[in-house]
Amino acid sequence: MDIQKFKKELIAYSTEIGIDKIGFTTAAPFTKLKSRLIKQQELGYQSGFEEPDIDKRVTPAMLLEGAQSIISIALAYPAKMNDRVESKKGDRRGIFSRASWGLDYHHILRERLNKLEKFIFSKLPEAKLKSMVDTGELSDRAVAERAGIGWSGKNCSIITSEFGSYVYLGEIITNIPFEPDLPIEDQCGSCTKCIDACPTGALIQGGQINANRCISFLTQTKELIPDEFRDKIGNRVYGCDSCQTACPVNKGVNFHLHEEMEADPEVAKPLLKPILKLSNREFKKRFGSVSGAWRGKKPIQRNAIIALAHFKDESAVPDLIDILKNEPSSVTRGTAAWALGKIGGEAALRALKKAKELEKDIDVQKEIEKGLNFYNN
Ligand code: B12
Ligand code: SF4
Ligand code: SF4
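Residues numbered from 1 in each chain as written. Chains lettered and ligands numbered in written order. Predicted model: local features only at pLDDT ≥ 70, side-chain atom pairs only at ≥ 80, totals over all residues.

Visitor: Explain the overall build of the chain to me, please; I cannot follow it from the model alone.
Guide: On a plain count of helices and strands, the chain comes out with 18 helices and 10 strands. A globule of 377 residues ought to have a C-alpha radius of gyration of about 21 Å, and the chain, at 23 Å, matches this closely. Summarising its shape, the C-alpha atoms of the chain cover approximately 80 × 40 × 40 Å along the three principal directions. Looking at the chain as a whole, 42% of its 377 residues are labelled buried. When contacts within the chain are restricted to residue pairs at least 6 apart in sequence, long-range pairs at least 24 apart make up 77% of them. (Helix = DSSP H or I, 4+ residues; strand = E, 2+ residues; numbered from the N terminus. Rg over C-alpha atoms; globule rule 2.2 N^0.38 Å. Buried ≥ 20, exposed ≤ 12 C-beta atoms within 10 Å, placed from the backbone. Contact = placed C-beta atoms within 7 Å.)

Printed below as a string of structure tokens:
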């Protein structure tokens, strides 16, 4: 088979099925990434969401016998919602980051990768293929960088010349020896806008993140949010886009190329108070189709409480008192105690004092103390 011709056919087909950018690289080990991953691990800068086996992460041949090359794909997602909804006093709203707008991107990219696989098999039935998006062993960014999809920005994101950094990434490892594409030149230059814009100082230096300080990570944890980050989270109920919105390359970038990625504003920018009262079933029905729901209801509820505290929304006080009294989760109860103190007022104070007498959980007791301390300052 003429592999070069096949590559061209595959590129043409990828455009037909709504893949916005495709690139090819070899299946050679990712040696630079390996030392980077070891360093990040030593420094304690990893999130824990990464595949723990570093050798697997950097050695495509360990994932597919006879691996020769990797096909990297990128799909652009919107940066602005078509239908805007306002956050108003008494009806405050939280925000999901852009990577959680519309249908969960894992489904969207998986569907495109399946189509690509079918196309390859139709021409080359003996081909070996292994595809992945986000949850696979490989670093999707390192693959995309080497395949010429975009450069690796100081904000850590892969930045394409066409769609900025608002792209999802996925790949197929294959035994077909496709001719590799060339990486594109780093275009960050002397700019440091993303590093300066990061609210928590998570970008230690260009291209290096301490994931444990990253708001995107923090909003996805299940524990109490450490004190120093609570005010910085603001109204983000899932993820963070600050190091991307600050990037000059993303200025004016707003692609609406895929119907499934269109945000329902009532989901992507939801009213906060109703989130506090959702049953598991209601949560699934409302948020189950977006990527930001992958950790379940509790982290989103905790983040919604932090967002209500950020707005000092007095109309949320009755719901927060109810949580303090009746919620089984100590993380949710504790966050509510802190939020009541931050919002303030007589009713909140009375509830905190009462809870101080009754609360048995030591972590929640500490949060009640923090809540009460707001009244002493
Ligand atoms: C764990 C993870 C996270 C963690 C850690 C993020 C991080 N920067 O490492 C948390 C939860 C914080 C996170 C947040 C986000 N994530 Co995330 N995440 C992942 C995941 C699962 C693994 C990433 C990983 O291995 N990181 C370890 C670091 C060390 O490696 P890397 O970033 O993958 O690779 C780069 C570095 O190694 C660097 N590098 C290598 N050697 C060296 C040497 C030097 C000197 C330097 C400077 C750099 C360098 O170059 C590589 C290529 O860019 C990937 C999916 C996947 N399987 O790859 C998605 C992924 C990276 N996430 C993605 C997205 C969209 C996000 C968010 C934008 C979501 C949001 N809006 O909240 C934020 C962005 C935060 C940020 N600034 O990075 C996309 C990125 C798309 C893109 N255009 O780049 C991915 C690829 C998912 C996908 N399939 O689309 N994420
Ligand atoms: S996603 Fe937010 S917190 Fe994380 S590095 Fe970017 S700006 Fe900082
Ligand atoms: S803000 Fe500047 S330094 Fe950061 S990724 Fe964008 S161009 Fe690069």
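Visitor: Mind showing me how you'd approach the UniProt feature "binding site: tRNA" (unreviewed entry) in the chain here?
Guide: Here the UniProt-annotated "binding site: tRNA" (unreviewed entry) positions come out as Q220, K222, N280, R281, R295, K297 and K298. Turning to its location among the elements, K222 is positioned in the loop between α8 (215-218) and α9 (227-233). Residue classification places K222 among the exposed residues on the basis of 11 C-beta atoms within 10 Å. Along the chain, R295 falls in the loop between α13 (280-287) and α14 (297-310). Classification of R295 as partly exposed rests on a count of 13 C-beta atoms within 10 Å. Every residue in contact with R295, bar those within four places of it in the chain, is listed here: Q220 and K222. (UniProt positions renumbered as here; feature names shortened; annotations may be inferred.)

Visitor: I would appreciate a short explanation of the site of ligand 2 in the present structure.
Guide: With respect to spatial proximity, the complete set of residues near ligand 2 consists of C198, P199, T200, A202, L203, I209, C214, I215, S216, C240, S242 and C243. Counting residues per element, the ones that place at least two in the shell around ligand 2 are α8 and α10 (242-245). Grouping the amino acids of the shell around ligand 2 by side-chain chemistry returns nine nonpolar, three polar and no charged. (Near = placed C-beta within 6 Å. Nonpolar A, V, L, I, M, F, W, Y, C, P; charged D, E, K, R; others polar.)

Visitor: Is there a simple way to think about the site of ligand 3 in this case?
Guide: The full set of residues close to ligand 3 is G153, K154, N155, C188, C191, T192, K193, C194, A246, C247, P248 and V249. Residues that form the shell around ligand 3 fall into these classes: seven nonpolar, three polar and two charged.

Visitor: Help me understand the sheet that holds strand β7 (residues 167-174), please; the structure alone is not making it clear to me.
Guide: Read from one edge to the other, the open sheet built from four strands follows the order β1-β2-β7-β4, with strand pairing classed as antiparallel. Each edge of the open sheet carries a strand with a single partner, namely β1 (21-26) and β4 (129-132). With direction set aside, neighbouring strand axes in the sheet form an average angle of 20 degrees. For strand β2 (residues 69-76) and β7, the ladder comprises eight bridges, and the chain directions are antiparallel. (Pairing = 2+ DSSP bridges. Axes fitted to C-alpha atoms, helices over the stretch in contact; angles between N-to-C directions.)

Visitor: Could you clarify how one ought to interpret unusual backbone geometry in this entry?
Guide: Leaving glycine aside, a negative phi is the common case for residues, and trans is the common case for peptide bonds. Despite not being glycine, D134 has its phi angle at roughly 65 degrees, a positive value. The topology assignment puts D134 in the loop between β4 and α6 (140-146). For D134, a count of 16 C-beta atoms within 10 Å translates into the label partly exposed. Unusually for a residue other than glycine, K312 sits at a positive phi of about 50 degrees. Mapped onto the secondary structure, K312 falls in the loop between α14 and α15 (317-326).

Visitor: Is there a simple way to think about the packing of α15 against helix α16 (residues 330-343) in this case?
Guide: In helix packing, the relevant descriptors are the interaxial angle and the interaxial distance, both defined with respect to the helix axes. It is at 8 Å that the axes of α15 and α16 come closest, and there the two elements cross at 145 degrees. For the pair α15 and α16, the sense of crossing is left-handed. Residues V317, L320, I321, I323 and L324 of α15 lie in contact with α16, whose contacting residues are T332, R333, A336, A337, A339, L340 and I343. Taken together, the residues of the contact of α15 with α16 break down into 10 nonpolar, one polar and one charged. (Left-handed = near helix turned anticlockwise from the far one by under 90°.)

Visitor: Sorry if this is basic, but what is going on with the pairing of β2 here?
Guide: Every regular strand shows the same layout, with side chains that alternate between the two sheet faces. For β2, a buried count of eight out of eight residues is recorded, marking the element as mostly surrounded by other parts of the structure. Neither face of β2 is left uncovered, since the one carrying S69, I71, I73 and L75 and the one carrying I70, S72, A74 and A76 both have all their residues buried. Bridge count between β1 and β2: six bridges; the pairing is antiparallel. Within the sheet, the bridge partner assigned to G23 lies in β2 and is S72.

Visitor: When you look at the UniProt feature "binding site: [4Fe-4S] cluster 2" (unreviewed entry) in the chain in this model, what are you seeing that I'm missing?
Guide: Taking the numbering used here, the UniProt-annotated feature "binding site: [4Fe-4S] cluster 2" (unreviewed entry) corresponds to C198, C214, C240 and C243. Spatial clustering of the annotated residues is evident: they stretch over 46 residues in sequence, but the largest pairwise C-alpha distance comes to 10.4 Å. C214 gets classed as buried once you count the C-beta atoms within 10 Å, which come to 24. C214 has contacts with T200, A202, I209 and C240, leaving out every residue within four places of it along the chain. Topologically, C240 is positioned in the loop between β10 (236-238) and α10. Residue classification places C240 among the buried residues on the basis of 24 C-beta atoms within 10 Å. What C240 contacts, discounting residues up to four positions off in sequence, is S97, C214, I215 and S216.

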